[in-house]
Amino acid sequence: MKKSFTTVGCGRVGTAMARYLAAAGYRPAGFASRSLSSAKRASEATRSSAPASVQPWDVTPGADIVLITTPDGAIRETAEKIAEYKGVGKDTVVLHCSGALPSTELAAVADCGAKIGSLHPLQSFADENIEQNPFAGIMMAVEGQEPAVAAARQIAESLGASPFEIRTDCKRLYHASAVAASNYLVTLMNLSLQLIMVSGVAPADSWKVLKPLVTGTLGNIEKNGIPRALTGPIARGDVETVEGHLAEIGQKAPTRLELYRLLGRHTIEIALAGGGLSEQAAERLKEILAPTGSTD
(Lines give C-alpha, C1' and ligand atoms only; values in the text may rest on other atoms or scores of the structure.)
Protein backbone atom coordinates (compact mmCIF):
# COMPACT_ATOMS: atom_id res chain seq x y z
CA MET A 1 0.00 0.00 0.00
CA LYS A 2 1.37 3.42 -0.97
CA LYS A 3 1.75 6.15 1.60
CA SER A 4 -0.78 8.73 2.70
CA PHE A 5 -0.31 12.40 1.88
CA THR A 6 -1.64 15.79 2.86
CA THR A 7 -1.54 18.78 0.54
CA VAL A 8 -1.11 22.26 1.99
CA GLY A 9 -1.79 24.91 -0.65
CA CYS A 10 -4.43 23.87 -3.14
CA GLY A 11 -3.66 25.96 -6.17
CA ARG A 12 -3.06 24.69 -9.69
CA VAL A 13 0.07 22.64 -9.00
CA GLY A 14 -1.01 21.31 -5.61
CA THR A 15 -4.41 20.18 -6.87
CA ALA A 16 -2.96 18.56 -9.98
CA MET A 17 -0.32 16.75 -7.97
CA ALA A 18 -2.90 15.51 -5.47
CA ARG A 19 -5.20 14.28 -8.21
CA TYR A 20 -2.55 12.24 -9.99
CA LEU A 21 -0.92 10.95 -6.81
CA ALA A 22 -4.32 9.62 -5.75
CA ALA A 23 -4.71 8.05 -9.19
CA ALA A 24 -1.32 6.37 -8.68
CA GLY A 25 -2.46 4.81 -5.40
CA TYR A 26 -1.31 7.31 -2.78
CA ARG A 27 -3.93 7.84 -0.07
CA PRO A 28 -5.25 11.40 0.43
CA ALA A 29 -5.24 12.28 4.14
CA GLY A 30 -6.33 15.92 4.00
CA PHE A 31 -6.19 19.24 2.24
CA ALA A 32 -5.55 22.73 3.54
CA SER A 33 -5.61 26.08 1.81
CA ARG A 34 -6.28 29.70 2.67
CA SER A 35 -9.56 29.27 0.84
CA LEU A 36 -11.71 26.45 2.20
CA SER A 37 -13.40 26.10 -1.19
CA SER A 38 -10.00 25.47 -2.81
CA ALA A 39 -9.20 22.79 -0.27
CA LYS A 40 -12.56 21.14 -0.87
CA ARG A 41 -12.08 21.23 -4.65
CA ALA A 42 -8.70 19.54 -4.27
CA SER A 43 -10.26 16.83 -2.11
CA GLU A 44 -12.99 16.33 -4.70
CA ALA A 45 -10.39 16.12 -7.46
CA THR A 46 -8.92 13.06 -5.74
CA ARG A 47 -12.40 11.46 -5.46
CA SER A 48 -11.80 10.95 -1.76
CA SER A 49 -13.49 11.94 1.46
CA ALA A 50 -10.32 13.45 2.87
CA PRO A 51 -11.04 16.42 5.14
CA ALA A 52 -10.49 20.02 4.08
CA SER A 53 -9.45 22.92 6.29
CA VAL A 54 -7.94 26.39 6.31
CA GLN A 55 -5.61 25.30 9.13
CA PRO A 56 -2.77 23.06 7.85
CA TRP A 57 -2.15 21.51 11.27
CA ASP A 58 -5.72 20.21 11.31
CA VAL A 59 -4.98 17.82 8.44
CA THR A 60 -1.25 17.09 8.60
CA PRO A 61 -1.11 14.81 11.69
CA GLY A 62 -0.90 11.16 10.74
CA ALA A 63 0.02 11.71 7.10
CA ASP A 64 3.14 9.93 5.89
CA ILE A 65 3.94 12.78 3.49
CA VAL A 66 3.09 16.48 3.71
CA LEU A 67 3.28 18.40 0.44
CA ILE A 68 3.55 22.17 0.88
CA THR A 69 2.52 23.69 -2.44
CA THR A 70 1.90 27.23 -1.25
CA PRO A 71 3.47 30.32 -2.87
CA ASP A 72 7.16 30.61 -2.03
CA GLY A 73 6.65 33.44 0.44
CA ALA A 74 4.38 31.32 2.61
CA ILE A 75 6.50 28.16 2.84
CA ARG A 76 8.60 29.04 5.89
CA GLU A 77 5.63 30.46 7.80
CA THR A 78 3.53 27.40 6.98
CA ALA A 79 6.25 25.07 8.24
CA GLU A 80 6.62 27.11 11.43
CA LYS A 81 2.88 27.02 12.11
CA ILE A 82 2.70 23.26 11.52
CA ALA A 83 5.61 22.80 13.91
CA GLU A 84 4.05 25.11 16.50
CA TYR A 85 0.85 23.05 16.54
CA LYS A 86 2.70 19.70 16.49
CA GLY A 87 1.26 18.92 13.08
CA VAL A 88 3.95 16.41 12.11
CA GLY A 89 5.59 13.54 13.87
CA LYS A 90 8.94 11.84 13.81
CA ASP A 91 9.83 10.55 10.33
CA THR A 92 7.01 12.40 8.58
CA VAL A 93 8.33 13.45 5.17
CA VAL A 94 7.66 17.12 4.43
CA LEU A 95 8.31 18.36 0.90
CA HIS A 96 7.79 21.78 -0.61
CA CYS A 97 7.50 22.35 -4.35
CA SER A 98 9.31 25.66 -4.84
CA GLY A 99 11.84 25.88 -7.61
CA ALA A 100 13.81 28.73 -6.04
CA LEU A 101 13.92 27.85 -2.34
CA PRO A 102 15.91 25.02 -0.70
CA SER A 103 14.51 22.46 1.68
CA THR A 104 16.06 24.36 4.58
CA GLU A 105 12.95 26.60 4.46
CA LEU A 106 11.32 23.68 6.31
CA ALA A 107 13.78 23.75 9.23
CA ALA A 108 10.98 24.22 11.79
CA VAL A 109 9.40 20.85 11.02
CA ALA A 110 12.83 19.21 10.88
CA ASP A 111 13.22 20.27 14.50
CA CYS A 112 10.10 18.20 15.20
CA GLY A 113 11.74 15.11 13.70
CA ALA A 114 10.30 15.36 10.20
CA LYS A 115 12.48 14.61 7.20
CA ILE A 116 12.60 17.56 4.83
CA GLY A 117 13.14 17.97 1.11
CA SER A 118 11.84 19.65 -2.00
CA LEU A 119 10.28 18.33 -5.17
CA HIS A 120 10.05 20.77 -8.07
CA PRO A 121 8.36 20.00 -11.40
CA LEU A 122 10.59 21.51 -14.08
CA GLN A 123 7.70 22.65 -16.23
CA SER A 124 5.59 25.76 -16.70
CA PHE A 125 1.94 25.42 -15.68
CA ALA A 126 0.25 28.07 -17.79
CA ASP A 127 -2.74 25.86 -18.58
CA GLU A 128 -5.30 25.42 -15.81
CA ASN A 129 -6.69 22.25 -17.40
CA ILE A 130 -5.62 19.20 -15.39
CA GLU A 131 -7.67 16.63 -17.27
CA GLN A 132 -4.38 15.34 -18.63
CA ASN A 133 -1.48 14.55 -16.31
CA PRO A 134 0.84 17.61 -16.55
CA PHE A 135 3.68 15.71 -14.85
CA ALA A 136 3.91 12.82 -17.31
CA GLY A 137 7.23 12.87 -19.14
CA ILE A 138 8.69 15.92 -17.38
CA MET A 139 11.76 16.25 -15.16
CA MET A 140 11.45 16.89 -11.42
CA ALA A 141 14.27 18.21 -9.24
CA VAL A 142 14.70 16.73 -5.77
CA GLU A 143 16.96 17.71 -2.88
CA GLY A 144 17.06 17.51 0.90
CA GLN A 145 17.58 14.87 3.57
CA GLU A 146 18.01 11.37 2.19
CA PRO A 147 14.70 9.86 3.39
CA ALA A 148 12.85 12.83 1.93
CA VAL A 149 14.78 12.59 -1.34
CA ALA A 150 13.87 8.90 -1.60
CA ALA A 151 10.19 9.70 -1.03
CA ALA A 152 10.34 12.57 -3.54
CA ARG A 153 11.86 10.29 -6.15
CA GLN A 154 9.07 7.77 -5.66
CA ILE A 155 6.44 10.50 -5.96
CA ALA A 156 7.98 11.82 -9.18
CA GLU A 157 8.10 8.36 -10.71
CA SER A 158 4.52 7.65 -9.63
CA LEU A 159 3.45 10.83 -11.41
CA GLY A 160 5.18 9.65 -14.59
CA ALA A 161 8.07 12.10 -14.27
CA SER A 162 11.83 11.55 -14.15
CA PRO A 163 13.52 12.73 -10.93
CA PHE A 164 17.03 14.14 -10.75
CA GLU A 165 18.93 15.31 -7.70
CA ILE A 166 20.50 18.72 -7.15
CA ARG A 167 22.56 20.22 -4.32
CA THR A 168 20.63 21.96 -1.58
CA ASP A 169 23.11 24.83 -1.43
CA CYS A 170 22.71 25.44 -5.18
CA LYS A 171 18.92 25.48 -5.38
CA ARG A 172 18.75 29.11 -6.47
CA LEU A 173 21.32 28.48 -9.20
CA TYR A 174 19.17 25.60 -10.46
CA HIS A 175 16.18 27.92 -10.53
CA ALA A 176 18.13 30.60 -12.39
CA SER A 177 18.92 27.98 -15.02
CA ALA A 178 15.23 27.16 -15.35
CA VAL A 179 14.36 30.86 -15.66
CA ALA A 180 16.91 31.29 -18.43
CA ALA A 181 15.65 28.20 -20.28
CA SER A 182 11.97 29.12 -20.04
CA ASN A 183 11.31 32.78 -19.22
CA TYR A 184 14.29 34.22 -21.07
CA LEU A 185 13.59 32.01 -24.05
CA VAL A 186 10.27 33.85 -24.29
CA THR A 187 12.19 37.14 -24.17
CA LEU A 188 14.55 35.94 -26.90
CA MET A 189 11.63 34.83 -29.09
CA ASN A 190 10.02 38.21 -28.52
CA LEU A 191 13.16 39.93 -29.83
CA SER A 192 13.24 37.71 -32.90
CA LEU A 193 9.53 38.14 -33.62
CA GLN A 194 9.72 41.91 -33.29
CA LEU A 195 12.64 42.15 -35.68
CA ILE A 196 11.04 39.95 -38.31
CA MET A 197 7.79 41.89 -38.11
CA VAL A 198 9.70 45.14 -38.69
CA SER A 199 11.17 43.46 -41.78
CA GLY A 200 7.67 43.17 -43.25
CA VAL A 201 6.40 39.76 -42.16
CA ALA A 202 2.80 39.94 -40.96
CA PRO A 203 2.38 39.42 -37.20
CA ALA A 204 0.03 36.49 -37.83
CA ASP A 205 2.74 34.74 -39.87
CA SER A 206 5.84 35.62 -37.85
CA TRP A 207 5.92 32.58 -35.57
CA LYS A 208 5.07 30.22 -38.43
CA VAL A 209 8.05 31.59 -40.36
CA LEU A 210 10.52 31.24 -37.48
CA LYS A 211 9.29 28.03 -35.83
CA PRO A 212 11.14 25.56 -38.10
CA LEU A 213 14.39 27.43 -37.47
CA VAL A 214 13.80 27.42 -33.70
CA THR A 215 12.91 23.74 -33.49
CA GLY A 216 15.79 22.83 -35.80
CA THR A 217 18.24 24.69 -33.59
CA LEU A 218 16.94 22.95 -30.46
CA GLY A 219 17.38 19.64 -32.26
CA ASN A 220 20.95 20.54 -33.18
CA ILE A 221 21.72 21.42 -29.55
CA GLU A 222 20.36 18.07 -28.41
CA LYS A 223 22.27 16.16 -31.09
CA ASN A 224 25.55 18.03 -31.27
CA GLY A 225 25.92 20.14 -28.11
CA ILE A 226 26.12 23.91 -27.77
CA PRO A 227 29.35 24.90 -29.61
CA ARG A 228 28.69 22.68 -32.65
CA ALA A 229 25.06 23.81 -32.85
CA LEU A 230 26.11 27.43 -33.30
CA THR A 231 25.91 28.72 -36.86
CA GLY A 232 25.61 32.20 -38.36
CA PRO A 233 27.77 35.28 -38.79
CA ILE A 234 29.49 35.29 -35.40
CA ALA A 235 30.41 31.61 -35.69
CA ARG A 236 31.88 32.40 -39.15
CA GLY A 237 33.59 35.61 -38.04
CA ASP A 238 31.52 37.59 -40.54
CA VAL A 239 32.13 41.04 -39.08
CA GLU A 240 30.55 42.95 -41.96
CA THR A 241 27.22 41.13 -41.59
CA VAL A 242 27.09 41.85 -37.86
CA GLU A 243 27.91 45.50 -38.53
CA GLY A 244 25.03 45.58 -40.99
CA HIS A 245 22.69 44.11 -38.38
CA LEU A 246 23.66 46.74 -35.85
CA ALA A 247 23.15 49.59 -38.29
CA GLU A 248 19.75 48.31 -39.41
CA ILE A 249 18.47 47.58 -35.91
CA GLY A 250 19.75 50.93 -34.69
CA GLN A 251 17.80 52.67 -37.40
CA LYS A 252 14.57 50.65 -37.47
CA ALA A 253 14.27 48.97 -34.06
CA PRO A 254 16.57 50.98 -31.77
CA THR A 255 15.02 49.79 -28.51
CA ARG A 256 16.20 46.26 -29.34
CA LEU A 257 19.79 47.18 -30.15
CA GLU A 258 21.37 46.76 -26.72
CA LEU A 259 19.84 43.32 -26.21
CA TYR A 260 21.14 42.27 -29.63
CA ARG A 261 24.61 43.56 -28.70
CA LEU A 262 24.55 41.72 -25.37
CA LEU A 263 23.54 38.42 -26.95
CA GLY A 264 26.21 38.86 -29.59
CA ARG A 265 28.95 39.39 -27.02
CA HIS A 266 28.08 36.16 -25.24
CA THR A 267 27.83 34.33 -28.56
CA ILE A 268 31.47 35.16 -29.25
CA GLU A 269 32.48 32.98 -26.28
CA ILE A 270 30.54 30.03 -27.70
CA ALA A 271 32.00 30.54 -31.18
CA LEU A 272 35.54 30.52 -29.77
CA ALA A 273 34.80 27.31 -27.87
CA GLY A 274 33.61 25.74 -31.13
CA GLY A 275 36.96 26.47 -32.78
CA GLY A 276 35.55 28.14 -35.88
CA LEU A 277 36.18 31.76 -34.91
CA SER A 278 39.65 33.29 -35.11
CA GLU A 279 40.99 35.41 -32.28
CA GLN A 280 41.37 38.33 -34.68
CA ALA A 281 37.72 38.19 -35.78
CA ALA A 282 36.64 37.72 -32.16
CA GLU A 283 38.42 40.91 -31.11
CA ARG A 284 36.83 42.87 -33.92
CA LEU A 285 33.38 41.50 -33.02
CA LYS A 286 33.91 42.45 -29.38
CA GLU A 287 34.66 46.01 -30.48
CA ILE A 288 31.54 46.47 -32.57
CA LEU A 289 29.28 44.67 -30.08
CA ALA A 290 30.54 46.62 -27.06
CA PRO A 291 27.83 48.42 -25.09
CA THR A 292 26.98 51.86 -26.36
CA GLY A 293 29.28 54.42 -24.74
CA SER A 294 31.85 51.80 -23.68
CA THR A 295 35.45 52.98 -23.64
CA ASP A 296 36.92 49.47 -23.54
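Reading the values: the criteria
- Residues numbered from 1 in each chain as written.
- Predicted model: local features only at pLDDT ≥ 70, side-chain atom pairs only at ≥ 80, totals over all residues.
- Heavy atoms only, no water.
- Helix = DSSP H or I, 4+ residues; strand = E, 2+ residues; numbered from the N terminus.
- Rg over C-alpha atoms; globule rule 2.2 N^0.38 Å.
- Buried < 20%, exposed > 50% of the residue type's maximum accessible area, 1.4 Å probe, protein only.
- Contact = heavy atoms within 4.5 Å.
- Areas by Shrake-Rupley, 256 points an atom, 1.4 Å probe, with all protein chains shown as cover.
- Lys, Arg positive; Asp, Glu negative; His and termini not counted.
- Charge placed at Lys NZ, Arg CZ, Asp CG, Glu CD.
- Phe/Tyr/Trp six-rings, centres within 6.5 Å; stacked < 30°, edge-to-face > 60°.
- Axes fitted to C-alpha atoms, helices over the stretch in contact; angles between N-to-C directions.
- Parallel < 35°, antiparallel > 145°, perpendicular 65-115°, else oblique.
- Left-handed = near helix turned anticlockwise from the far one by under 90°.
- Pairing = 2+ DSSP bridges.
- Expected span 1.5 Å × (residues − 1).
- Bend = angle between axes of the 7 residues up to and from the residue.
- Disulfide = S-S within 2.5 Å.

*Asks:* Describe the overall build of the protein chain, listing the residues and the values that go with them.
*Replies:* Assigned secondary structure in the protein chain consists of 13 helices and eight strands. Taking 2.2 N^0.38 as the reference for a compact globule, 296 residues should give roughly 19 Å; the C-alpha atoms of the protein chain span a radius of gyration of 24 Å, well beyond that estimate. The buried share of the protein chain, taken over its 296 residues, is 41%. For the protein chain, the share of sequence-separated contacts (at least 6 apart) that also reach a separation of at least 24 residues comes to 58%. When the accessible surface of the protein chain is totalled, it reaches about 15800 Å², and 53% of it is carbon and sulfur. Positive and negative charge centroids in the protein chain, built from 29 and 30 side chains respectively, lie 5 Å apart.

*Asks:* A description of the packing of aromatic side chains should follow, citing residues and the corresponding values.
*Replies:* On inspection of all chains with the given rule, the structure shows three aromatic pairs. Aromatic pair Trp57 and Tyr85: ring centres 4.2 Å apart, planes at 10°, arrangement stacked. On the criterion of sequence distance, the pair formed by Trp57 in helix α3 (residues 56-59) and Tyr85 in the loop between α4 (72-84) and β5 (93-96) is long-range, its members being 28 residues apart. Judged by its relative accessible area of 43%, Tyr85 is partly exposed.

*Asks:* Explain the packing of helix α7 (residues 171-198) against helix α12 (residues 257-274) to me, using residue names and the numbers behind them.
*Replies:* Packed helices, taken two at a time, are described by their axes: the angle between them and the distance between them. At their nearest, the axes of α7 and α12 sit 11 Å apart, and the two run at 120° to each other. One way to sum up the angle between α7 and α12 is to call them oblique. Crossing of α7 against α12: the hand is left-handed. Along its contact with α7, which presents Thr187, Leu188, Leu191 and Leu195, the element α12 presents Leu259, Tyr260 and Leu263.

*Asks:* I'd like a rundown of the sheet that holds strand β7 (residues 139-144), residues and numbers included.
*Replies:* In space, the eight strands of this open sheet follow the order β3-β2-β1-β4-β5-β6-β7-β8, with mixed pairing throughout. Only two strands of the sheet have a single partner each, and these edge strands are β3 (52-53) and β8 (162-165). Taken together, the four bridges between β7 and β8 define a ladder with parallel strand orientation. If you follow Ala141 over to β8, its bridge partner there is Phe164. Across the sheet, helix α6 (residues 146-158) lies against β4 (65-68), β5, β6 (115-121), β7 and β8, angled at about 30° from β6, the strand it touches most.

*Asks:* Outline α7, listing residues and values.
*Replies:* Here α7 spans 40 Å end to end across 28 residues, near enough to the 40 Å set by a 1.5 Å rise per residue. When the local axis directions of α7 are compared, the greatest deviation, roughly 35°, occurs at Tyr184. Here the buried face of α7 lies against β5, β6, β7, β8, α8 (203-224) and α12. One or two positions beyond α7, positive phi appears at Gly200, with a value near 120°.

*Asks:* An account of the state of the cysteines is requested, with residue identities and associated values reported.
*Replies:* The full count for this structure, using the stated rule, is zero disulfides. With no disulfide of its own, Cys97 lies closest to Cys10 among cysteine sulfurs, the gap being 12 Å. The exposure class of Cys97 is buried, given its relative accessible area of 12%. Looking at Cys112, it has no disulfide partner, and the nearest cysteine sulfur is the one in Cys97, 20 Å off. Assessed through its relative accessible area of 25%, Cys112 is described here as partly exposed.

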